Structure formats: structure tokens, C-alpha cells
Amino acid sequence: MRLHKVYHRFSLLSLSSPPFLPLPHHLPKPLSSSPSLSIKSARSSPIRSHLRTTVKSLKAMAASRFHNLVPINAVAAEDGGGSNSSLSSTSSAAAAATTVDYEDSALDAGYRLPPQEIRDIVDAPPLPAMSFSPQRDKILFLKRRSLPPLSELARPEEKLAGIRIDGNCNTRSRMSFYTGIGIHHLLDDGTLGPEKEVHGLPDGAKLNFVTWSNDGRHLSFSVRVDEDNSSSKLRIWVAEVETGKARPLFQPPDIYLNAVFDNFVWVDNSSLLVCTIPLSRGDLPKKPLVPSGPKIQSNEQQNVVQVRTFQDLLKDEYDEDLFEYYATTQLVLASLDGTVKPIGPPAIYTSIDPSPDQKYILITSIHRPYSFIVPCGRFPKKVDMWTADGKFVRELCDLPLAEDIPIAFNSVRKGMRSISWRADKPSTLYWAETQDGGDAKIEVSPRDIVYTQPAEPPEGEQPRILHKLDLRYGGISWCDDSLALVYESWYKTRRIRTWVICPGSEDVNPRILFDRSSEDAYSDPGSPMLRRTSAGTYVIAKVKKENDEGTYVLLNGSGATPNGNIPFLDLFDINTSSKERIWESEKEKYYESVVALMSDENEGDLDINQLKILTSKESKTENTQYYIQSWPDKKACQITNFPHPYPQLASLQKEMVRYERKDGVQLTATLYLPPGYDPARDGPLPCLVWSYPGEFKSKEAAGQVRGSPNEFAGIGPTSALLWLARRFAILSGPTIPIIGEGDEEANDRYVEQLVASAEAAVEEVIRRGVAHPNKIAVGGHSYGAFMTANLLAHAPHLFCCGVARSGAYNRTLTPFGFQNEDRTLWEATTTYVEMSPFMSANKIKKPILLIHGEEDNNPGTLTMQSDRFFNALKGHGALSLALWLQKYCVLNTSNTKAELDACKDDVSKGTTDSESKAVGATGGGVLELTDLEHYRFHSLQRSSLW
């Protein structure tokens, strides 16, 4: 029996978060490659320990196998062909260089490509993102490429204070980008005019942070080009929307963007406030060859400090210096005419927020003393107010280091928090302050108080109390002096409340508008739609009706029902709570939803007869398109015509199925079947069950239907639905509710409820005749991986194998809480131990594939979890094999049906003897793959391992 440990580097190029319309299906997540060859590599390698092994005998085999690897420089060269270059040609070249017989042993293959039918889906060209102008008369199509080369994923990064920094670019590491910008006019008839390409950009330009000026005449964005030295740093560019001509904002060539925290913001229509790398910054700090002394931590004050297992923390004084080197920013006020003015001293500025009237700027910064046990979000934080031209006005707060925030849910930092500008006022501040010391376990009333104050109050004037809350403050939607909605919630009870307040009058008492359970999807009334103001802020849109003095708003809801989601738009009277449904999604074939208001270009209340909204429309087999609907006739005009991303699966079969757990809880799942499949003619298929457990406080809420049977099936490069192309049945998202009613803690019966839910799902697909009882695999990501390992330990009669991606398996390694568990290991020792599949490693005899990020920074899923779980499984005799689903699901010949029947009695008693039900003579199989990041799977060359 040979055991091999393969480290598998996957990576996500983390998407930036611009306010653009997401395209809701197969947006490509650029990922790294998937080596199945087990080779140990020095840390100094260009791909930074890309291949490792624990089997020393493989070292001698390495030289003869490097012919299977694509050279890094070759990949980089192929990717540099221009702003709109795609990786599809690169993938083809890689395929020619690396393709091996699909049935070959993984250890003999080097890099591997999946079967062609899966590759075609993963390599499908991505659709653009969309962004509307402030005046709603133009649309940007933001173009992007498919997948990144290994050379980009292998760039070095610094892990400091809980974040990861690309030192060459002076930004967050592995940041994705756009390759081009197309501008379309939205014509009067609702159609799009011809595309105007933003031009003048350097070849191979990578664009980020695309932002409209408030008047819609200019775009600002960052540009980076080459990947070496200073040329890879980000520069700010602007483009004229009418002509599409782009140019650098700064004339001096040595002014670069520092995007470690904030980046830039329009102060007015002709100037931007930019976070830049200080010109006075010296050389990179050098790491001392000899430590200055031992690392000493003490708790002489006997403070109670409970923290989760945060990653990438500062470790020593050198890390502190390095963090300051990269994060320190010089703010610069730059005009479109070329004027540049530094404002304020260099500091670690984390947020810059101009007031709606453009007279003031809220400046948030962090400073020493730093911490070695919490990330930078808890470092000492200072909030100042400056004038728009950089003159100091006043300090709002200087919060101390917050290492002692309790781990209980709804615990918060002491002092002022959520400081912001009122969206409906020129320059009025508001914020919340906790009254319980930030500790959710302390009972106090009120728990939070919301305050408000002008930017420059008269001397001696104290902040005004706007509202008092007994739950935890959750934000405010502003409208005007007569209306604002205040939100509060409490996790333990799932209670969520919405208050109506009158900000301009202390004589009007606040009142509760909605008081409900956050997990009761059927009672969700929807959220108020917001309109854009001339200042660029967003406020609740008021709607007027002819000859009606009521105060109406628009509530946009997902419309959860027992038949699936049916989104709606209600005209809601704030004063009487009466409502009129003015729009609803088509129910029979399509799934539609309201995306945004399109008639808010003018100030004042919206006329219901002149209402315009942007909607999306999709079906099981038709991908999402966008429409503009206009009142009063509600005429819909289609503005996009995106091609089907994977036409080979256009006729896939999708059904929302309902079934019942043995304790009476109603469960749902989405069943996908391959195109043209007929169970009567073709018989049962191999099946992959992919899921993620959820916690609930009631059986009724757990049994509610979520999602729509008519939504388009989005298939990304890490999706389980890829296996439809291999003629698998996919049971996607079967509900796995872990319920703790009343004072009961859900996790105290975790295993029992987990097995019962999985058993009900398996019985349903077998009953339908679509899944072969001996060929059902289970898989999941993160908490779903934890689920997978537990099911193979406690319900081996259900599944032939499992795929566990980026999971945690030993809860004693996360002793101060995990997922939604806020009890500590010492408060709930039995629960922690019984929930941990690591403790049942000796029972796992079915094959399990462990995939994990080599540098996973999720505090709940340390890479060490998979390392130790793998060693535990190996210590009980596990066979390492690849081609996971092909071998252990498609080709499985064990009699799982007999096992299921034999185990039902044991499972109901909670005493399944896994060892007595091992499959055949081969025993279980385990293969560990370790990737670079937390949760991504495919890239230029993709894995066929599972």
C-alpha cells in the first residue's frame, strides 16, 4: 500500500468590490493550476513551494517528469498579448504541452487537464460586468479575461496584520482586473447604442476601481501594466465619457496609488482625493539576521481575551515595520487640470469619506500600538474630520486597541462605531455607541444608542440622541427629515426589527414597522428601494400617486413561498402599512428580479406613472438578460443579449425536489440531470451530493423553501455542476438543517440531525430512480467539507466516497468558537469532541479526497486541519488514489444499498459501526491536495483528480 501526500495549490484572484451589476451565474473566478505530481520544491522556487511531497523516494523521479510542466515564462508571454486577450488560446497551448491520458495514474501525469467536456465549460469566455452612469443614460461594459497564468498566482505576497499585500503593486494580493471598458448610450427606446471603447491605454493594461464622476462626464480607474519593479505599481487614469479618451491623472510619473486599504474618491466633479505611496518612503525594511530578543507575551492584568484563530498576524517588530512601510499613505488632492496638492501627514489611512456637500472629509486611520493576536481591524483607530482642502477640523474619536471583544455573537467594539454622513443632509454625522461594553452576554437596556451631530456643532453642544435600541444596531436607511428606517437584530433569537423614526422632530415617537424572525423567509416584507441624489448618495425613494397624500415607498422582496421565490415590488404606505403589488416575477417558466431604479435622475418624489426599473430575467435553460420596464404600461425593453455560456448544457434538467426527514422536518434540494437523460431508458446515474449545513431555531423555518426552480444554473470553475458534462446526477444544496429550538443548542445534536438529513436526501434520489445506490458521492466546501467527513464517519452506508474542500476537522483546534457556535471548548467539551470527524478518523473507511488551501487565511479552516486529518486517516491505513469520482463513484461496485438497509437501525440509535461496513478489500482511500488559497479549484491547467 502506497501513501502519497500531494500539495495542490489553488488560488483565487480576489475580486474587487465596485458598485457594479453582478452577472449572477458563471462569472469566472481566476484560479491556479492543479499539479497531481508529488515533488518537493524549495521555498525559493518561482512558484513558491508549488509542489511538495512527504515521500522522499519521489525526488529521484522528479527530473524525468518536468517535461510535463508548462514553463512559467511561456505562460506569462502568452498572456501578455493585449488588453482583451483571452486565456483560451493559452489553455489550448497548455493542453498540448500537458495533456495526458485521462486514465493514467495521477502520480505519472504532472499537471492534468480535465476531460474536454469540462474544460470547454471552464474556458468559456466570461461575460462583462455592467455599471450605469449617475444619470442612467449610459452603461459601461467592463471586460475581463478568463483565467490567470501561474506566473501571476505565484507572485510573492506579504502576510501582515490579517491582510495579504502584493509588495510590487502595493495593493492587496491576487487582485483581479478588467481588460477594457466599453461605453454604451442607453437610447430613448430602451435599446443600447453602439459601443465606444475607452482608448489610449497602454498595451496589456489591467484596470481596477472604475468609478464615475458625479456628473457622469468622467471615469476614474487604476492602471497597471508590466509585472516587474515600479511598472507594476498602480497609476490613476481618467477618461472622458463622451470621447472615450483616457489619460493619466498625474503628470509626474512617480506618483503611484497605495491601495492596501482605501484607494481614491471623487471630491467633486473635477478633483479626486487619492491615497498615494509617499514620495519620501525609503527602502524596504531589512529583516534582522539575529532576533533582538525572545518574543514575550504576558497577561499580568489577568484580562479575559478570547479570540478566534486569526491568520496572517504580525509576528514581531520587523513585521510591524513592514506593515507600516506598505500601508502608510500620503493623501493627495488632484484636479483634472493637473494640479496636485498633498494634504495631511503620511499615515495609515484606512478610509476617506467626503460629506455629501463636498465640504468635509471623514478620515479614518490606524496607529500603534499594534497587536500580535488580532488583525488590523482591531488596532487603535482614529477618526478625524478635515475640510475638503485638507485642514484639520476636529477629532471624533481615538479608540484603543480592541483585543478583548467577546466571542459571543453580536459583541462589538467599545466606543463610537459606524460613523458616517447622513445621506439626506449636506454634512451631518451619525454613529452608534454600545451601552453593554460591547459584550452581548450582558443584559442591559438600551443596548445601543444612535447619535447625530452637525459637522461643526456650536461650542458646547452635545450630540443628539436619535434612537435607543434594545437589540444590536444594524444601520439606517435615510429618506428626509420626516422619514428614516432604523434596523436592529439579535442573533441568538434570530429577531430582527425595523423602526420608523422622524429624524427632524423629537415630538414624533419612533414606532416598529416590522418585527420578525430573520430566518422566516416567508414573512420577509422586502427592502426599501433607494434613489440616487444629486450629491451621489442614496436615500429611500418616495413615490407619489395622483390625488393621494399618502407616504409611499417601494419594497423590493425575494418573495419566498412554498413554491419557491417569486420576487416582487410593492407600493407600501409607511403610515398605514397597506401595500399594493405593482410588479411580480413571472412564475411558470421564468425567474425575474428587480435590480435598480432607473427613473431617479431627478430630485424629488417619483411619479408612479413615470417609474422605470431595471429587471433581470432568466429560466432553467436561458441565461440572465437585463430589461428596462416603464410605467404605466410596464413595457419591458431588453437591453442585453448575452450568449449562453455553455450551450452544450443548455437543455440540462433542473427540478426543485421536496422530501421529509424522519423527525418530520421538511427538506428541499435542487436536482440537476444531464441533457437528454431519461431514467426509464438510461437507468440510474452516478450522483454527487453537494451541500452545506445551516443552523435554525425552529423546524418551521428550517423547512421553508429557498431559491427558485426557474433560476438559471450557474456553473463556475469550482461548481459541482461541472459533472453534468460527465453524465452525473447532481443533488445541489439539499438542506441540512441543524435545529436548536428554545434554549437548546443546535450543535448538541449535530451528528444525529446531519445523518438524518443526508439519509433522507439519499433515499429520495434512489426512490426517483435517478441515482445508483452504490454510486452516490458526497462533497462540500468549508463547513460542507466538515459535513462530508462527518458523514463518511457516521453514515458510511450512504455514500461511496467524499470530496472535502478547505474544511476543519478537529474542533479542539478552534477552541473559542467556530461557525455559529459561540461556546468555548471548555464550556461545551462534549459537543466539540463529538462533532469533530478527526476523533472518528478510525471509522472512516470510504475514500475521501481532502483539498485545502496551502495558505488558507480563514480563521476557522487552518490548513493544519487537513494536514492532521490526513495523517490521522493515514495512520489507520488509507489507500491513496486519484481520479476520485471516476474510480470511487462511477466504477464503484460495492453494495451500498445493502449497507444502507443494514445500518438504518444502528443510525437511528446513533451507534453506527463504520469499521464493520468497509467496502471490499481495498479499504478507504485518502488523498490530500493543498492549494494556495482558501477555496478555488481550477486555472490555466485544471485538475481532473475528482
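You'll find the structure just up there.
Treat the numbers as computed from the prediction; the structure is a model and nothing was measured.

Calculation rules
- Residues numbered from 1 in each chain as written.
- Predicted model: local features only at pLDDT ≥ 70, side-chain atom pairs only at ≥ 80, totals over all residues.
- Heavy atoms only, no water.
- Helix = DSSP H or I, 4+ residues; strand = E, 2+ residues; numbered from the N terminus.
- Buried < 20%, exposed > 50% of the residue type's maximum accessible area, 1.4 Å probe, protein only.
- Contact = heavy atoms within 4.5 Å.
- Areas by Shrake-Rupley, 256 points an atom, 1.4 Å probe, with all protein chains shown as cover.
- Pairing = 2+ DSSP bridges.
- Axes fitted to C-alpha atoms, helices over the stretch in contact; angles between N-to-C directions.
- Phe/Tyr/Trp six-rings, centres within 6.5 Å; stacked < 30°, edge-to-face > 60°.
- Parallel < 35°, antiparallel > 145°, perpendicular 65-115°, else oblique.
- Nonpolar A, V, L, I, M, F, W, Y, C, P; charged D, E, K, R; others polar.
- Salt bridge = Lys/Arg side-chain N within 4 Å of Asp/Glu carboxyl O.

1. Observations regarding the overall build of the protein
Okay, so step 1: Per the secondary structure count, the protein includes 13 helices and 48 strands.
Okay, so step 2: Across the 946 residues that make up the protein, the buried fraction comes to 59%.
Okay, so step 3: Excluding contacts between residues fewer than 6 apart, the proportion of contacts in the protein whose partners are at least 24 apart in sequence is 64%.
Okay, so step 4: Summed over all atoms, the accessible surface of the protein reaches about 37,200 Å², with 50% contributed by carbon and sulfur.

2. Regarding the sheet that holds strand 1 (residues 129-132)
Okay, so step 1: Pairing is antiparallel across the open sheet formed by four strands, whose spatial order is 1-2-6-7. What marks the edges here is a single partner per strand, and that holds for strand 1 and strand 7 (196-197).
Okay, so step 2: Examined bridge by bridge, strand 6 (residues 180-185) and strand 7 share two bridges and lie antiparallel to one another. Its bridge partner being in strand 7, Ile183 is matched across the sheet by Lys196.

3. Considerations on the sheet that holds strand 17 (residues 381-387)
Okay, so step 1: The sheet built from seven strands is open, its strands ordered 12-13-14-15-16-17-18 with antiparallel pairing. Every interior strand has two partners, whereas the edge strands, strand 12 (264-268) and strand 18 (392-399), have only one. Here the strands of the sheet are splayed against their neighbours by 35° on average, with no regard to which way each runs.
Okay, so step 2: For strand 17 and strand 18, the ladder comprises six bridges, and the chain directions are antiparallel. Looking at strand 18, one finds that Lys382 is bridged to Asp398.

4. Describing the packing of aromatic side chains
Geometrically, a pair of aromatic rings is defined through the distance of the ring centres and the angle of the planes.
Okay, so step 1: Scanning the model with the defined rule gives 22 aromatic pairs in all.
Okay, so step 2: When the centroid spacing of 5.9 Å and the interplanar angle of 15° are considered together, the rings of Tyr646 and Phe712 count as stacked. Note that Tyr646 is positioned in the loop between strand 38 (635-638) and strand 39 (653-660) and Phe712 in the loop between helix 7 (699-702) and strand 43 (729-732), a separation of 66 residues in sequence.
Okay, so step 3: A relative accessible area of 1% means that Tyr646 is categorised as buried.
Okay, so step 4: Ring geometry for Tyr750 versus Tyr783: centroids 6.4 Å apart, planes at 50°, classification tilted. Of the two residues, Tyr750 is situated in helix 8 (residues 750-767) and Tyr783 in helix 9 (residues 783-794); the sequence distance between them amounts to 33 residues. Neither residue differs from the other here; Tyr750 and Tyr783 are each classed as buried.

5. A word on the packing of helix 8 against helix 9
Okay, so step 1: It is the contact of helix 8 with helix 9, at a shortest axis distance of 10 Å, that shows an interaxial angle of 85°. Judged on the interaxial angle alone, helix 9 and helix 8 are roughly perpendicular. Between helix 8 and helix 9, the contacting residues are Tyr750, Val751, Leu754, Val755 and Ala758 on the first element and Tyr783, Phe786, Met787, Asn790, Leu791 and His794 on the second.
Okay, so step 2: For the contact of helix 8 with helix 9, the per-class residue count stands at nine nonpolar, two polar and no charged.

6. Focus on the pattern of salt bridges
Okay, so step 1: What the rule picks out here adds up to 49 salt bridges.
Okay, so step 2: Ionic pairing is found between Arg155 and Asp166, a salt bridge with its closest N-O pair at 2.7 Å. Of this pair, Arg155 sits in the loop between helix 4 (150-153) and strand 3 (158-160) while Asp166 sits in strand 4 (residues 163-166); the two residues are eleven residues apart in sequence, bridging distant segments of the chain. Each member of the pair, Arg155 together with Asp166, is buried.
Okay, so step 3: Asp481 is the partner of Lys425 in a salt bridge, and the nearest nitrogen-oxygen pair spans 2.9 Å. One end of the pair, Lys425, is in the loop between strand 19 (416-421) and strand 20 (428-434); the other, Asp481, is in the loop between strand 23 (472-480) and strand 24 (483-490), and 56 residues separate them in sequence.

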